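These are the residues of each chain, in order.
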Amino acid sequence: MKSYLTTPIYYVNAAPHIGHAHTSVMADILKRNKLARGMDVRLSTGCDEHGQKNQEAAEALNLAPQDYLDQRAEEFQRLFDLVGVDYDYYVRTTRPGHKEAVARAEQQLFDAGLIVKKSYTGKYCKGCEQFKKESDLTEDDRCPEHNNIELELIDEPNYFFPMEPYRQRLIDHINANPDFVDPPMYRGELLKMLAEPLEDLSISRPKARVSLGIELPFDADHVTYVWFDALLNYLTNLEFPGGDYQDWWSECRHLIGKDILKTHGVYWPTMLMALDLPLPKGLVVHGHWLGDGGVKMSKTLGNVVDPIEVAEKYGVDALRYYLARHMRTESDSQISAETIAQVYSSELANKFGNLLSRAGKFAKARFDGVPQMGQLTEADEAVRAKALAAAQGLAKEITLTQLPERVAALVDAAEELNAYFAHSAPWDLMKEEATQPRAGTVVYVALDSLRLLFEALRQVIPVSSDKALAMMGVDLPAAPWSPALDQLQGGAPLGDIEVLFARVD
Ligand SMILES: [Zn+2]
């Protein structure tokens, strides 16, 4: 079975931030979950290199646009590599194949009479790169998303794509496909956006004002407005309209932040309908990250979490783990360097790392490897069952909404294993010859259960999990993965037991 996961392509007008790292890491976790279930998966992430904001960013640095774009594209790619995003496509919208496919799609719509030219007068937000309706503005006539930007009054000829003809069909599609938008809360929001007639979508900018973009194939004085260009990346990756693009396209899910629900839930589906193409399988929507106390991150407040800084200080898995554990889809979540450090130490180090170190070192020192498992008590069975159930939570399909609770179940199981190990006190049992086999069983149960948890954690923190499994001397599980107890062999050697999650001050 195939699956095609996409993240938005990110504007490169500023350095990458935690939001970029987040969506791409989430897509990576969903990919690993699907791979573990034996699926064939492709993941796309990358950057949007066109538009006025990028052009101005290059100008501000006195760089030629292409030099600027090359630097930024590399910077974003370094971030995704650093945080372990296993992407199959790294999108750059300046790629010739993409530009040609966008122009072809535009020509097709133009020839079919589905693009119209008219003069446009309106208030334009440079932040959104969008004209704003009066009803969208704040009381003091500002864009609600970009309160610091003065809106420009612009009067210019523009090409438009009328979306209204597809509105009812889109409503019908959403109603007929309950999982088109996940979680359901955003389905309601999308239907609300579709409750009133849709405006015509502006798809061009005069080249005199914006030069960084794809020239319209039917009017060389205009470039394509960013969304019409950017959204098509999801198809142009697949070598649309050639190759086997349909096989992947029919299994496509877009991961998006809630701020771009309208572009992906209204603009994009209506564009696809006009192009006579099927809609993607669905949208996977998540909330945003806020700083401590629920305030927006900003340089002035000093609460910006730099994903590169965090990954370098605590390790990439500390960052991935926090994002997976504390992200919410239906509301915003809070993040700060302090809370990442705290969760890293209280959960990764103190629960998973600590038990691996204690049980692993004990097994090596006293049993010279994995001890033999003897008869099991009720307490043994209980912790084993809990670890197995928690691991099974990641052997099933996960949604972004479910991810934090599935990870929490692994933490609960690890916590119980720590308590079990401390309470069973194998070091005391080793003192009497008669109880030494019992000590072996306790250590076996702890290590084998922990192995299961790390097999599951491979989807979230692959680097550390694979290290842990190597310390336990076991092979990485093959796909499709089906979690099972008793995979450690009594008498088998253990690897070097090293500190998995080092303390950081
Ligand atoms: Zn705006």
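This is a predicted model, so every value here is computed, not measured.

Undergrad: I'm lost on the overall build of the protein chain in this one. Help?
TA: Helices and strands together make up the secondary structure of the protein chain, namely 18 helices and 15 strands. With respect to the principal axes defined by its C-alpha atoms, the protein chain has extents near 90 × 45 × 40 Å. Across the 505 residues that make up the protein chain, the buried fraction comes to 54%. In the protein chain, the share of contacts with a sequence separation of at least 24, taken over all contacts with a separation of at least 6, comes to 77%. One finds the centroid of the 52 positive side-chain charges in the protein chain at a distance of 2 Å from the centroid of its 74 negative side-chain charges.

Undergrad: Looking at this structure, how should I read the coordination of the zinc ion?
TA: Around a metal, the perfect tetrahedron of four donors has angles of 109.5 degrees, and the perfect octahedron of six donors has angles of 90 or 180 degrees. Coordination sphere of the zinc ion, protein contribution only: C125 (SG), C128 (SG), C143 (SG) and H146 (ND1), at 2.1 to 2.3 Å. Coordination geometry of the zinc ion: the four donor atoms subtend angles of 102 to 119° at the metal centre, consistent with an arrangement described as tetrahedral.

Undergrad: Even after reading the chapter, I still don't get the layout of surface pockets, so can you show me in this structure?
TA: It is a probe the size of a water molecule, rolled over the atoms, that shows where empty space is left. Put simply, the second largest pocket is a space of about 230 Å³. Surrounding the second largest pocket, 13 residues form its lining, R32, L35, A36, R458 and Q459 being those nearest its centre. Those elements that place two or more of their residues in the lining of the second largest pocket are α1 (18-36) and α18 (462-471). In terms of residue count, α1 provides more of the lining of the second largest pocket than any other element does, three residues in total.

Undergrad: Whenever I open this one, empty space enclosed by the protein confuses me. Can you help?
TA: Summed over the entire model, instances satisfying the criterion amount to one cavity of 30 Å³ or more. Considered as a void within the structure, the largest cavity measures approximately 40 Å³ in volume. Looking at the largest cavity, the residues that line it are G51, Q52, E129, R205, V210, L212, V223, T224, Y225 and V226. The residue inventory of the lining of the largest cavity, partitioned by class, reads five nonpolar, three polar and two charged.

Undergrad: What exactly am I supposed to notice about the side chain of T23 here?
TA: With respect to the helices, strands and loops of the structure, T23 is situated in helix α1. Sequence-distant contacts of T23, that is, excluding residues within four places in its chain, are made with T7, P8, Y10, L255 and H286.

Undergrad: Looking at this structure, I do not really get the sheet that holds strand β13 (residues 282-286). What am I missing?
TA: Strands belonging to one sheet form pairs held by backbone hydrogen bonds; the direction of such a pair is parallel or antiparallel. Sheet architecture is open: six strands sit in the order β3-β2-β1-β12-β13-β7, paired in parallel fashion. Strands with a single pairing partner mark the edges of an open sheet, and in this sheet they are β3 (89-92) and β7 (181-182). The sheet contact formed by strand β2 (residues 40-48) and β3 spans four bridges and is parallel. Considered in β3, the bridge of C47 is made with R92.

Undergrad: What should I look at first to understand the packing of aromatic side chains in this one?
TA: Geometrically, a pair of aromatic rings is defined through the distance of the ring centres and the angle of the planes. A complete count under the given rule lists 23 aromatic pairs for this structure. With a centroid separation of 5.2 Å and an interplanar angle of 75°, the aromatic rings of Y159 and F218 are classed as edge-to-face. On the criterion of sequence distance, the pair formed by Y159 in strand β6 (residues 152-162) and F218 in the loop between β10 (215-216) and β11 (219-224) is long-range, its members being 59 residues apart. Taken as a pair, Y159 and F218 share a single burial class, namely buried. What links up through ring pairs into an aromatic cluster is the set Y10, F76, F80, Y87 and Y90. Taking the ring centre of F160 as reference, the NZ or CZ of K118 above it sits at 4.8 Å.

What counts and how
- Residues numbered from 1 in each chain as written.
- Predicted model: local features only at pLDDT ≥ 70, side-chain atom pairs only at ≥ 80, totals over all residues.
- Heavy atoms only, no water.
- Helix = DSSP H or I, 4+ residues; strand = E, 2+ residues; numbered from the N terminus.
- Buried < 20%, exposed > 50% of the residue type's maximum accessible area, 1.4 Å probe, protein only.
- Contact = heavy atoms within 4.5 Å.
- Lys, Arg positive; Asp, Glu negative; His and termini not counted.
- Charge placed at Lys NZ, Arg CZ, Asp CG, Glu CD.
- Donors = N, O, S within 2.8 Å, 3.2 Å for Na, K, Ca; no water.
- Tetrahedral: all angles 85-135°; square planar, octahedral: opposite > 155°, others 65-115°.
- 1 Å grid on protein atoms, 1.4 Å probe; cavity = no way out; pocket = protein on both sides within 12 Å on 5 of 7 lines; lining within 4 Å.
- Points joined across faces, edges and corners; volume = space filled by probe spheres on them.
- Nonpolar A, V, L, I, M, F, W, Y, C, P; charged D, E, K, R; others polar.
- Pairing = 2+ DSSP bridges.
- Phe/Tyr/Trp six-rings, centres within 6.5 Å; stacked < 30°, edge-to-face > 60°.
- Lys NZ or Arg CZ within 6 Å of the ring centre and 35° of its normal.

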